[in-house]
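# A structural walkthrough
Listed here are the chains, written in short residue letters.
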Amino acid sequence: MKTWDIIVIGAGIIGLSLARELRKQGGSVLVLERGEPGHEASRAAGGMLANCGDETPTPLQPLAKASAEMYPEFVHELQDESGVNTDLRSHGTLLFPETGHAPEEILGANPLPAPLEELEPALACAGRLAFFLKERSVCPRVLTEAALKAARHRGVDVSSGTTVLAVDVCGGRAVGVTTDKTSYQAAKVVNCAGAWASRIAPYPIATRPVKGQMVCFAMPARELLKHVVRSPEIYLIPRSDGRLLAGATVENAGFDKRTVPETIQRLRHAAIAMLPALQNARILEDWAGLRPGTPDNLPILGATPIAGYYVATGHFRDGILLAPATARAMTQLITGATVEQDLTPFSADRFALRAA
């Protein structure tokens, strides 16, 4: 039977980025995906690389900052190895904060570089307080496509349509995995299964699915909106090809990925209120995805009590942003190198410790 050095469970942006990084260190890597690579949370994401603002939990800020700084080089490498353009945009974000939020409470808040009506003439936000955030955005669908092709280019093996049921343990160590079809052997295993991470025996992973619904417009003019817009009622993410994403809900609805017409209409109306030119814009599609949430909304990154078994999941709304830093930190941990980031706040056993 063929064996690998490392098995990565899950072919979303986290799993693919990690597999590629591990492969760069010389190990043989197999990625196992229950569905189609990149077709769950990664495909459903908006693509804001939101390392600023007032929503990033304090323990996550160093990792988010490091990952945002890594993005240009990360994307350059993926594009070079895959030939896929990821639509990395650096126009920045216009943040309309919640009432009562002072500038000093907002990480990375800057004054607007010009009057709002000059920056975005089509926005209906006259008189509202706004800040400028030096953030980027990316198209998650092509980013994940690029990561998949780059991983394969590096020699990573990828098997889709196979569900991992359990990590196999012998003598207290991980020795491979059992799927619904067969078994695979490896000295190390990493659970990057997102919202499905908790379904893999034997070690309990405290993840849950958090549903998010989104709608995508065809902008009447390709340059109708240049900046990402974040507000309490809606966020708007323009793409270079003229698409505009509007979202997103945060719902505890189990593994239900169906869209709700009333919710999509509510998102549509909120987008139009912010950007009236969308009134007659064509809706290209709507969808729902399942983010991997955790009890404290922080990722789970690190080793488990089972030797050779690691976890990198629970990124909630920040999986796209955190992919490069997660891949680097977890590769350093798995290969025994010095880990540059402090992963203590994200330990796999923190929930078990609290329950004890």
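As a starting point, this report considers the structure included with it. (Residues numbered from 1 in each chain as written. Predicted model: local features only at pLDDT ≥ 70, side-chain atom pairs only at ≥ 80, totals over all residues. Heavy atoms only, no water.)

This next bit is on the layout of surface pockets. Taken as a whole, the second largest pocket spans an internal volume of roughly 270 Å³. The wall of the second largest pocket is formed by 16 residues, among which N51, C52, A68, K134 and E135 lie closest to the centre. The dominant element in the lining of the second largest pocket, judged by the number of residues it contributes, is helix α3 (residues 61-82), at five residues. Of the residues that constitute the lining of the second largest pocket, the class distribution is six nonpolar, five polar and five charged. (1 Å grid on protein atoms, 1.4 Å probe; cavity = no way out; pocket = protein on both sides within 12 Å on 5 of 7 lines; lining within 4 Å. Points joined across faces, edges and corners; volume = space filled by probe spheres on them. Helix = DSSP H or I, 4+ residues; strand = E, 2+ residues; numbered from the N terminus. Nonpolar A, V, L, I, M, F, W, Y, C, P; charged D, E, K, R; others polar.)

Across its 14 residues, helix α6 (residues 261-274) extends 20 Å between first and last C-alpha, which sits within 8% of the 20 Å expected from 1.5 Å per residue. Those residues of α6 that sit buried are T263, I264, L267, R268, A270, A271, I272 and M274. Buried residues along α6 sit in contact with β11 (208-218), β12 (228-230), β13 (235-238), β14 (243-247) and β15 (282-293). (Expected span 1.5 Å × (residues − 1). Buried < 20%, exposed > 50% of the residue type's maximum accessible area, 1.4 Å probe, protein only. Contact = heavy atoms within 4.5 Å.)

Our next topic: empty space enclosed by the protein. Summed over all chains, the structure comprises two cavities of 30 Å³ or more. Of the pockets and cavities examined, the largest cavity occupies roughly 40 Å³. Taken together, R89, S90, H91, G92, E135, R136, S137, K226, V228 and P238 make up the full set of residues lining the largest cavity. Among the residues making up the lining of the largest cavity, the classes are represented as two nonpolar, four polar and four charged. Taken as a whole, the second largest cavity holds about 30 Å³ of empty space. Lining the second largest cavity, in full, are R43, A45, C139, P140, R141, R239, R243, L245 and W287. Of the residues belonging to the lining of the second largest cavity, the class tally is five nonpolar, no polar and four charged.

Viewed as axis vectors pointing N to C, helix α1 (residues 13-24) and α3 meet at an angle of 80 degrees, and their least axial separation amounts to 13 Å. By the angle between their directions, the pair α1 and α3 is classed as roughly perpendicular. Of the residues in α3, those in contact with S17, R20 and K24 of α1 are F74, E77, L78 and E81. (Axes fitted to C-alpha atoms, helices over the stretch in contact; angles between N-to-C directions. Parallel < 35°, antiparallel > 145°, perpendicular 65-115°, else oblique.)

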